[in-house]
Each structure stands twice: as C-alpha cells, then as structure tokens.
Amino acid sequence: MPEVLRPARGTKLRDGGAATPTRMPGWLRRPVPRGPQVERVRRTIAHHSLCTVCESAACPNRLECYSSGRFTFMILGDICTRGCAYCKVAVGRPLPVDQGEPERVAGAARDLNLNYAVVTSVCRDDLPDGGATQFARTIQALRDWNDHIMVEVLIPDFRGSLSELQIVQNAHPTVLNHNLETVPRLYRQLRPQGRYEWAIELLDRAKSISPDTPTKSGLMLGLGERDDEIVAVLEDLRRVRCDVVTLGQYVRPSLDHYPVQRYLTPDEFSWFEAVGKDMGFSQVAAGPLVRSSFAAAAVYESVHVSRNVCHEAESGRLSCEDRRCQ
Ligand code: SF4
C-alpha cells in the first residue's frame, strides 16, 4: 500500500469484492432527458448523421449536459471492435471510415456554436492506423471552421502503437485524454483486448511529445477494484505526469453487462479526490456521476488557470509555496 496523505475524515480502506449490491442508490438517479435544449442537441446530431457517446452509452448526465449545450461526438461509427464487459456500445464489424464525417462534426459544432468540442471514438482495431487519421482530420475540420475552438480528444490505446498517437498529436488537440477505465488486475477480465501498460505508455509518450498539452485519464469505480489499487493507479498516472483525472461510479448499462460490485458514497469519492489532489494532479473530478467528458471545458479552464498561476510563480510575480507543476 503506497503511503498517501489521508484526509482527516479517515475513510477506511476496504476490499472492493463485497457482495454485489442490487439497488442503485438515490444519488445516481437522474431525470429522463427531455426539453427544448435536449431536443436541439439531438436534432442537430441527427441532422448531420453523427453519433454521440452520450446516447450510445446512455449516459445519466444527458439532461444536465445537453441543457448546457455539452455532449461528446463519437466518430468512426457506432460499432466497436472490442467487447469490454462494462460498455454498452455495440460490438461487431464496423463500416468503412466515413470520409465526410470530420466536416459534418464541424457543421454540428457550427450549428450549436461550440467553443469547446469533445471527440471520442469506438475502437477501430480493424484499421491500419486505429482511426488516428480520422481524429486528426476532425480536429483540423473543427479548426478550419473556427481556429479558436478548443478540442479535447478521448482516444483509444491504438494497441500500443505510438506512431498513431503522433498522428493525433500533430493535429494539436487542446487536451489529450485516454481513460484507463479500471485497475490493472481487472483488465484481463473486463477489458481483455486492452493492456494497462499500453495505456500508461501512451499517456507518458503524449506528455513527452507535447509537454504543454494537458493529459487526462479516468477510472470507473465499483467494478471490484480495491481502494489501494485505485491509489496505486493514481500514482502511476502522476508518474507519467498526467494532469487531470476523473473518477466516477460504474453503472451497469443492462443485465447483459458486468454487475456493479459496489456503490461508492459521495464521501468516498471526496476522499479519493483529496488523495489525488495531495498527489499533485492539477485537477481531480470525482463523484458518482462524474464521467471523463463531464464539464470538460470547465475542467480544462481550471487547469489552465492553475498553470497560469504557476507561470506567474516561475516569473517571480507570485510566490507559491505549494508548487505542484512539473
Ligand atoms: S457526461 Fe459526457 S457522455 Fe455524459 S452526457 Fe455529458 S458529455 Fe455526454
């Protein structure tokens, strides 16, 4: 067990393998997403023949996100080549790459007047470049429309091939996100086509290629991981200079998916948030309903502000006794 600064509240570490809970706690229940803003986002996405991970994964935050004009584009189709035990996205043989998709993403961003776009994809292990070129073309299409738009990409692991990462980085995303999703012990069971080592190396290399681009990663909790394993993953992320981490509750999308092993309380999420902040992440977003793309623009803004404070400290204009920047 690594040594960490424990907040005063002192939540005890416990084994994540407790009996499977059957009832979803009230703090995870959310209203059905309806209303004019929700319909506007849905209509625009449908008009441009696009997909969102919000719908494909039936995210519980849709009402809140759509009402604020936030959502996450899912490019490269809606069929994934991997079959992770927790994921609702359809698995199968995907369609060929849609060459017009990047321009349609830019069209939807224009129609909704986005200034911060979040773009993810299904895994495309069938493609020689894993879909990296489509990410780069999408970033470029968004910037062709508005060269001030900020673009956060949530990329797959490219099966550990770092040349694909370079293709994405060459397009200069504002934030580079790759989710670890769970602790290394559970990869074989829950994420059999992924490798924890690929994911960590990808984040490490991303920081080496582009030190000024914030990197971000996330975990779903409640899949059977122990608290000490979560802390160890946070330490791995800090070792590769990851800037932002998101921690949210896993919610079983259907009875065909992996059962929830535990529901963490809001206080337990607060405990992990404090642990992460003690470790030196620029931002830790932790809570039952936190998803890696939840309030992405606000999270980026907070990292940006804290970096500027550090730059001020470096230039001597501010004295900062608690510097955590790299
Ligand atoms: S949290 Fe992310 S996936 Fe969920 S609705 Fe918001 S933008 Fe979409």
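Scoring rules and cut-offs
Residues numbered from 1 in each chain as written. Predicted model: local features only at pLDDT ≥ 70, side-chain atom pairs only at ≥ 80, totals over all residues. Helix = DSSP H or I, 4+ residues; strand = E, 2+ residues; numbered from the N terminus. Contact = placed C-beta atoms within 7 Å. Axes fitted to C-alpha atoms, helices over the stretch in contact; angles between N-to-C directions. Parallel < 35°, antiparallel > 145°, perpendicular 65-115°, else oblique. Left-handed = near helix turned anticlockwise from the far one by under 90°. Near = placed C-beta within 6 Å. Nonpolar A, V, L, I, M, F, W, Y, C, P; charged D, E, K, R; others polar. Core = buried A, V, L, I, M, F, W, Y, C linked by C-beta atoms within 7 Å. Buried ≥ 20, exposed ≤ 12 C-beta atoms within 10 Å, placed from the backbone.

*Asks:* I'd love a proper account of the overall build of the chain, names of residues and values included.
*Replies:* For the chain, the helix and strand inventory stands at 11 helices and 10 strands. Taking the intrachain contacts of the chain between residues at least 6 apart in sequence as the baseline, contacts between residues at least 24 apart amount to 74%.

*Asks:* Tell me about the packing of helix H9 (residues 227–239) against helix H10 (residues 266–279), and please be specific about residues and values.
*Replies:* Packing of H9 against H10 brings their axes to within 10 Å, and their N-to-C directions diverge by 30°. Judged by the inter-axis angle, H9 sits roughly parallel to H10. The chirality of how H9 crosses H10 is right-handed. Judged by residue contacts, Ile 230, Val 231, Leu 234, Glu 235 and Arg 238 of H9 engage Phe 272, Val 275, Gly 276 and Met 279 from H10.

*Asks:* Tell me what's going on with the site of the ligand, and back it up with residues and numbers.
*Replies:* Around the ligand sit Val 53, Cys 54, Cys 59, Asn 61, Arg 62, Cys 65, Arg 70, Phe 71, Thr 72, Arg 291, Ser 293 and Phe 294, and those are all the residues in its vicinity. Of all the secondary structure elements, the ones that give two or more residues to the shell around the ligand are helix H2 (53–56) and helix H3 (62–67). Of the residues contributing to the shell around the ligand, the split by class is six nonpolar, three polar and three charged.

*Asks:* Run through the nonpolar core, naming residues and quoting values.
*Replies:* Ranked by internal contacts, the top residues of the largest apolar core, which has 83 residues, are Val 119 and Val 153. Excluding residues within four positions of it along the chain, Val 119 makes contact with Phe 73, Ile 75, Val 105, Phe 135, Thr 138, Val 151 and Val 153.

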